[in-house]
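Spelled out from the first residue to the last, the chains are:
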Amino acid sequence: AQRVTQPEKLLSVFKGAPVELKCNYSYSGSPELFWYVQYSRQRLQLLLRHISRESIKGFTADLNKGETSFHLKKPFAQEEDSAMYYCALGGMGNTDKLIFGTGTRLQVFP
Amino acid sequence: KAGVTQTPRYLIKTRGQQVTLSCSPISGHRSVSWYQQTPGQGLQFLFEYFSETQRNKGNFPGRFSGRQFSNSRSEMNVSTLELGDSALYLCASSLMSSGNEKLFFGSGTQLSVL
């Protein structure tokens, strides 16, 4: 069965500290992984996807098929990074169906 | 370009009633998918429509249904509402529904069932 696990409900760090939000997935096929973010009072939006191999707002994520992980990292957290982060699994054929993790709330203190 | 628009923003219904939610995708987008978001279950996939055809369906009872019109606008309907249907219902659109596309989400419809 397809599943996405985000083990931390809340991650609190101070500004300037490194951040790593964990994501593990379960899928027997060829996965497409995404990170979506929801800032306070804003709609859910795509942060990055593994197929693009890009860095957005200083965040990066590497797909590790051996460990079935797609952890989100940023070397120096900023206060404006405080938000809810969702890891999502797609790539299940020609469909937009995503399996979301339960989300991690990132709090960055000044 | 206008974003994904969902109406209404809030709805209050009582058990047993039915409700229809509407979603207008970004102009040119042909795929619309729906998600239910609750504090307990998180974001769960309901169904997806592409060119007026249901392409995929999540594990929800038959009380949940949807459709898509020729202009790509979509509606979802929930009949015989139950207390557990209280949730934020999110709609998302994409260009081609290829499995690795960026989804654009609406602000959602907050449904409260009393």
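Residues numbered from 1 in each chain as written. Chains lettered and ligands numbered in written order. Predicted model: local features only at pLDDT ≥ 70, side-chain atom pairs only at ≥ 80, totals over all residues. Heavy atoms only, no water.

## Description of the sheet that holds strand β8 (residues 74–78) of chain B
Residue and element names in this part refer to chain B.
Step number 1: Read across the sheet, 4 strands follow the order β1-β3-β8-β7 without closing on themselves; strand pairing throughout is antiparallel. Every interior strand has two partners, whereas the edge strands, β1 (5–7) and β7 (64–68), have only one. Within this sheet the neighbouring strands show an average axis-to-axis angle of 20 degrees, counted without direction.
Step number 2: Here strand β3 (residues 19–24) pairs with β8 via 5 bridges, running antiparallel. Directly across from Thr20, in β8, lies its bridge partner Asn77. (Pairing = 2+ DSSP bridges. Helix = DSSP H or I, 4+ residues; strand = E, 2+ residues; numbered from the N terminus. Axes fitted to C-alpha atoms, helices over the stretch in contact; angles between N-to-C directions.)

## Here we look at the nonpolar core
Step number 1: By size, the foremost hydrophobic cluster in this structure holds 26 residues, and its most contacted members are Trp35, Leu47, Leu48, Phe70, Leu72 and Tyr85 of chain A.
Step number 2: Ignoring sequence-local partners within four residues, the contact set of Leu48 of chain A consists of Phe34, Trp35, Glu54, Ile56, Phe59, Thr60, Ala61, Phe70 and Leu72 of chain A.
Step number 3: One finds Val19, Trp34, Val78 and Leu81 of chain B within the second-largest nonpolar core, a separate group that totals 21 residues. (Core = buried A, V, L, I, M, F, W, Y, C linked by side-chain atoms within 4.5 Å. Buried < 20%, exposed > 50% of the residue type's maximum accessible area, 1.4 Å probe, protein only. Contact = heavy atoms within 4.5 Å.)

## Structural notes on the pairing of strand β6 (residues 53–57) of chain B
Residues and elements named next belong to chain B.
Step number 1: Sheet topology note: the strand β5 (residues 42–50)/β6 ladder contains 4 bridges and is antiparallel. Residue pairing in the sheet places Phe50 in a bridge with Thr53 of β6.
Step number 2: Once β5 ends, the chain turns through 2 residues before running back antiparallel as β6, passing Ser51 with a positive phi of about 50 degrees.

## Here we look at the state of the cysteines
Step number 1: Counted by the stated rule, this structure contains 2 disulfides over all chains.
Step number 2: For Cys23 of chain A, the disulfide goes to Cys87 of chain A, at an S-S distance of 2.0 Å. Judged by the torsion about the S-S bond (-60 degrees), the Cys23 of chain A/Cys87 of chain A disulfide is left-handed. Taken as a pair, Cys23 of chain A in the loop between β3 (19–21) and β4 (24–26) and Cys87 of chain A in strand β9 (residues 83–90) lie far apart in primary sequence, 64 residues in all. Of the two residues, Cys23 of chain A and Cys87 of chain A, both sit in the buried class.
Step number 3: The disulfide partner of Cys23 of chain B is Cys91 of chain B, and the gap between their sulfur atoms is 1.7 Å. Disulfide Cys23 of chain B-Cys91 of chain B: the torsion about the S-S bond is -50 degrees, which places it as left-handed. Placement of Cys23 of chain B in strand β3 and of Cys91 of chain B in strand β9 (residues 87–94) is noted, with a sequence separation of 68 residues between them.
Step number 4: For Cys23 of chain B, a relative accessible area of 0% gives the class buried.
Step number 5: The exposure class of Cys91 of chain B is buried, given its relative accessible area of 0%. (Disulfide = S-S within 2.5 Å.)

## A look at the interface of chain B and chain A
Step number 1: In this assembly, 22 residues from chain B lie in contact with 19 residues from chain A.
Step number 2: Carbon and sulfur atoms supply 50% of the area that chain B and chain A bury against each other, a total of about 1800 Å² over both sides.
Step number 3: The tally of links from chain B across to chain A stands at 0 salt bridges.
Step number 4: Our enumeration of links across chain B and chain A arrives at 12 residue pairs in polar contact (both at pLDDT 80 or more).
Step number 5: Among the elements that line the side of chain B that touches chain A, the one with the most residues is strand β4 (residues 31–38) of chain B, at 4 residues. (Buried area = accessible area lost by both parts, 1.4 Å probe. Salt bridge = Lys/Arg side-chain N within 4 Å of Asp/Glu carboxyl O. Polar contact = N/O pair within 3.5 Å; in protein donor to acceptor, adjacent residues only side chain to side chain.)

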